[in-house]
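Survey of secondary and tertiary structure
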Amino acid sequence: DFPGVLLALCCFHALVNGRRKFGFIGWSCSNIYGFTMGDLQQCAQVAINMLNARTGPRASDPVPFADLKYIFGEIMYGGHITDKWDRRTCVTYLETLIVPELFEDGHELFEGFKSKTKGTCSDFLDHIDYNLPPENPVAFGLHPNADISYLQNEQSSLFSQLIEISGGGGGAAGQSKEAVIEKMVVDFLERLPEDFNMFDIKSRIGPSENITPYLVVLLQECEKMNGLLGLIRKSLLDLQLGLQGALNISDMMDQQMNSMFLDRIPAVWEKAAWRTLKSLPVWFVDLLERIDQFTKWQDSLKMPPSVWISGTANPMAFVTAVMQTTARAYQWPLDDVETFTDITKMDWEDATAQPEEGAYIHGLFIEGARWDRELGELQDSILRDLAPQMPIVHLKAIPTKERRMTGYYDCPVYYVSQRGGGNPPGSYVFFGQLRTSDKTVSTLYGIYSYKWVLAGVGILMQVD
């Protein structure tokens with residue numbers, strides 16, 4: 001039994017290491033994992049010990065697949081993994097590889113590579129050399145789009161380094177760096193709106209008993225936006241005076257100039273804003289659109305027909321507000337409530353009013369798969385469509401005991417494409433449930449389908 005188990009274990013080791021190539025769709029924290037030959041050797045020794053223990057009265061015992069998978073996935077390799085969703089991926093690989101079928105002729109360990117149970121060491125090496133297919137995303141359970149994402153990330157990293165080395169090159173039409181930045185400063189100041197009048201908003205809301213969880217979100221977002229607007233305005237005015245010679249250029253101002261010249265968000269702004277991977281011009285437009293949403297919201301003190309949840313600095317606060325409102329209405333303990341996502345067929349602009357229960361949200365994109373509106377379920381991605389737009393989502397709160405246990409995929413929702421990585425690490429917000437016709441399982445890691453886990457399916461609030 002050992003040769004077949006060892007071959008499957010080696011495939012597992014190769015897959016979990018090779019998956020890192022595809023970045024955050026491969027592993028949510030792909031930048032911190034390192035699975036070594038030591039892990040493989042220790043797991044092989046564990047397999048030898050457990051298989052050899054079947055002697056005497058235990059000689060006819062079956063292979064302890066469940067024990068092997070637990071030790072490999074939760075202890076040996078799982079000991080390196082800090083992210084829940086990555087542990088789910090690790091365990092899923094073992095659930096598809098370390099199975100009784102691996103001793104059957106013709107069983108595929110992964111697409112294009114069959115298991116082998118008998119032969120010498122040389123026979124197994126020849127089997128690997130001659131029969132192992134070329135590396136491709138499908139072998140890892142990923143869609144071919146993952147290769148496109150990988151190439152785009154490599155290209156982006158290369159050109160980013162070239163720009164840094166060159167210092168950004170020359171300005172438009174031969175303009176100096178200072179002239180380019182001065183135009184940007186004037187443009188940003190002209191487009192920057194006034195702060196929200198918090199006194200007016202609070203006075204229109206009235207006494208504290210009128211404040212609902214949704215209005216708390218509005219107040220928090222407006223206050224945070226005021227802090228950011230004040231910071232941007234002051235730094236731009238100081239920089240303008242510095243460029244005019246009325247102020248000395250400080251180190252912080254110099255760093256701000258370098259960032260703006262490279263179309264990057266100045267660090268002092270980014271620290272006071274929200275997680276993003278956008279360039280400065282795109283980010284500034286995004287800022288104005290966020291302000292527009294909150295301006296309309298505070299004018300009427302009623303939620304928009306569909307909330308652009310990606311346009312909130314703290315989307316988890318809005319998710320919590322949905323849970324609090326529903327829990328209060330039905331007298332449920334908040335600890336016994338969880339979210340449920342009902343995917344509608346409406347486009348982002350189609351909603352005319354909020355539902356009686358829960359909330360309509362939009363601004364979400366799906367990576368690793370696509371949502372079929374006609375079938376109302378997950379389907380394979382379309383080639384070159386890396387992150388298709390999701391329809392409006394009806395975000396609800398339900399008692400935990402009423403959770404759907406089959407036919408759904410627990411899909412993590414992330415703020416940016418870095419998923420569990422980046423600096424600071426982690427952009428996970430909450431998880432939604434997406435209907436699927438593929439076979440699902442219920443484990444410690446929730447309800448899910450092996451297919452969509454290995455495909456790295458996740459929902460993003462922003463595309464890069």
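Residues numbered from 1 in each chain as written. Predicted model: local features only at pLDDT ≥ 70, side-chain atom pairs only at ≥ 80, totals over all residues. Heavy atoms only, no water.

Topic: the packing of aromatic side chains
Two numbers describe a pair of aromatic rings. These are the distance of the centres and the angle of the planes. Overall, the coordinates contain 21 aromatic pairs when judged by the stated rule. With centroids separated by 5.7 Å and ring planes inclined at 70 degrees, the aromatic side chains of Phe340 and Tyr408 adopt a geometry described as edge-to-face. In this pair, Phe340 is assigned in strand 4 (residues 337-343) and Tyr408 in strand 10 (residues 408-414), connecting sequence segments 68 residues apart. Grouping residues by exposure puts Phe340 and Tyr408 together as buried. Ring geometry for Trp348 versus Phe365: centroids 5.6 Å apart, planes at 75 degrees, classification edge-to-face. Remark: Phe365 occurs in strand 6 (residues 365-367) and Trp348 occurs in the loop between strand 4 and strand 5 (359-362); sequence separation between them is 17 residues. Linked through ring pairs, Phe12, Trp27, Tyr33, Phe35 and Tyr77 together constitute an aromatic cluster. Looking at Lys116, its charged tip hangs above the ring of Phe124, at a distance of 5.8 Å from the centre. The ring of Phe340 carries Arg404 above its face, with NZ or CZ at 4.2 Å from the centroid. (Phe/Tyr/Trp six-rings, centres within 6.5 Å; stacked < 30°, edge-to-face > 60°. Helix = DSSP H or I, 4+ residues; strand = E, 2+ residues; numbered from the N terminus. Buried < 20%, exposed > 50% of the residue type's maximum accessible area, 1.4 Å probe, protein only. Lys NZ or Arg CZ within 6 Å of the ring centre and 35° of its normal.)

Examining the pairing of strand 11 (residues 428-435)
Most of strand 11 is tucked away: six of the eight residues are buried. Note that strand 10 and strand 11 share seven bridges and pair antiparallel. Note that in strand 11 the partner of Cys411 across the bridge is Gly432. (Pairing = 2+ DSSP bridges.)

Considering the sheet that holds strand 6
Pairing in this open sheet of four strands is mixed, and the strands run 6-14-10-11 from one edge to the other. Each edge of the sheet is formed by a strand with only one pairing partner; in this case those strands are strand 6 and strand 11. Averaged over all adjacent pairs, the angle separating strand axes in this sheet is 35 degrees, with direction ignored. Here strand 10 pairs with strand 14 (residues 458-460) via two bridges, running parallel. Following the sheet pairing, Val413 is matched in strand 14 by Ile459. Packed onto the sheet, helix 4 (residues 84-97) meets strand 10 and strand 11 and runs at close to 140 degrees relative to strand 10. (Axes fitted to C-alpha atoms, helices over the stretch in contact; angles between N-to-C directions. Contact = heavy atoms within 4.5 Å.)

Notes on the environment of Gln152
Tracing the backbone through its elements, the reader meets Gln152 in helix 6 (residues 145-166). On the basis of relative accessibility, which here comes to 41%, the residue Gln152 falls in the partly exposed class. Along the backbone, Gln152 and Met461 are 309 residues apart, and their C-alpha atoms lie at a distance of 19 Å.

A short note on the packing of helix 8 (residues 198-205) against helix 9 (residues 213-244)
Geometrically, a packed helix pair is captured by the angle between its two axes and the distance between the axes. As a packed pair, helix 8 and helix 9 sit with axes 11 Å apart at the nearest point and diverge in direction by 170 degrees. In terms of their interaxial angle, helix 8 and helix 9 are classed as roughly antiparallel. Contacts between helix 8 and helix 9 pair Met198, Ile201, Lys202 and Ile205 from the former with Leu215, Leu219, Cys222, Glu223 and Asn226 from the latter. Here the residues of the contact of helix 8 with helix 9 sort into six nonpolar, one polar and two charged. (Parallel < 35°, antiparallel > 145°, perpendicular 65-115°, else oblique. Nonpolar A, V, L, I, M, F, W, Y, C, P; charged D, E, K, R; others polar.)

Focus: the nonpolar core
In terms of nonpolar packing, the biggest core is built from 78 residues, with Met260, Trp283, Leu287, Phe318 and Leu434 touching the most fellow members. Not counting chain neighbours up to four residues away, the residues in contact with Phe318 comprise Tyr214, Val217, Trp297, Met303, Val307, Ile309, Ala359 and Ile361. Of all hydrophobic cores here, the second largest spans 42 residues; its members include Leu15, Tyr77, Phe124 and Phe140. (Core = buried A, V, L, I, M, F, W, Y, C linked by side-chain atoms within 4.5 Å.)

Re the side chain of Asp39
By secondary structure assignment, the location of Asp39 is in helix 2 (residues 37-52). At 9.6 Å, Arg20 is the nearest oppositely charged side chain to Asp39, a buried residue that forms no salt bridge. (Lys, Arg positive; Asp, Glu negative; His and termini not counted. Salt bridge = Lys/Arg side-chain N within 4 Å of Asp/Glu carboxyl O.)

Observations concerning the pattern of salt bridges
Tallied over the entire structure, the rule returns 20 salt bridges. Two residues, Asp238 and Lys234, come together in a salt bridge whose shortest N-O distance is 2.9 Å. Of this pair, Asp238 and Lys234 both sit in helix 9, four residues apart, roughly one helical turn. The class for Asp238 is partly exposed, based on a relative accessible area of 23%. Residue class for Lys234 comes out exposed when judged on its relative accessible area of 54%. A network of salt bridges, in which partner residues are shared, links Lys21, Glu135 and Asp147.

Re the sheet that holds strand 3 (residues 307-308)
In space, the four strands of this open sheet follow the order 3-5-9-4, with mixed pairing throughout. Of all strands in the sheet, those with a lone pairing partner are strand 3 and strand 4, marking the two edges.

Side note on the state of the cysteines
Taken as a whole and assessed by the stated rule, the structure comprises zero disulfides. Not engaged in a disulfide, the cysteine Cys43 finds its nearest cysteine sulfur in Cys90; these two sulfurs lie 9.2 Å apart. (Disulfide = S-S within 2.5 Å.)

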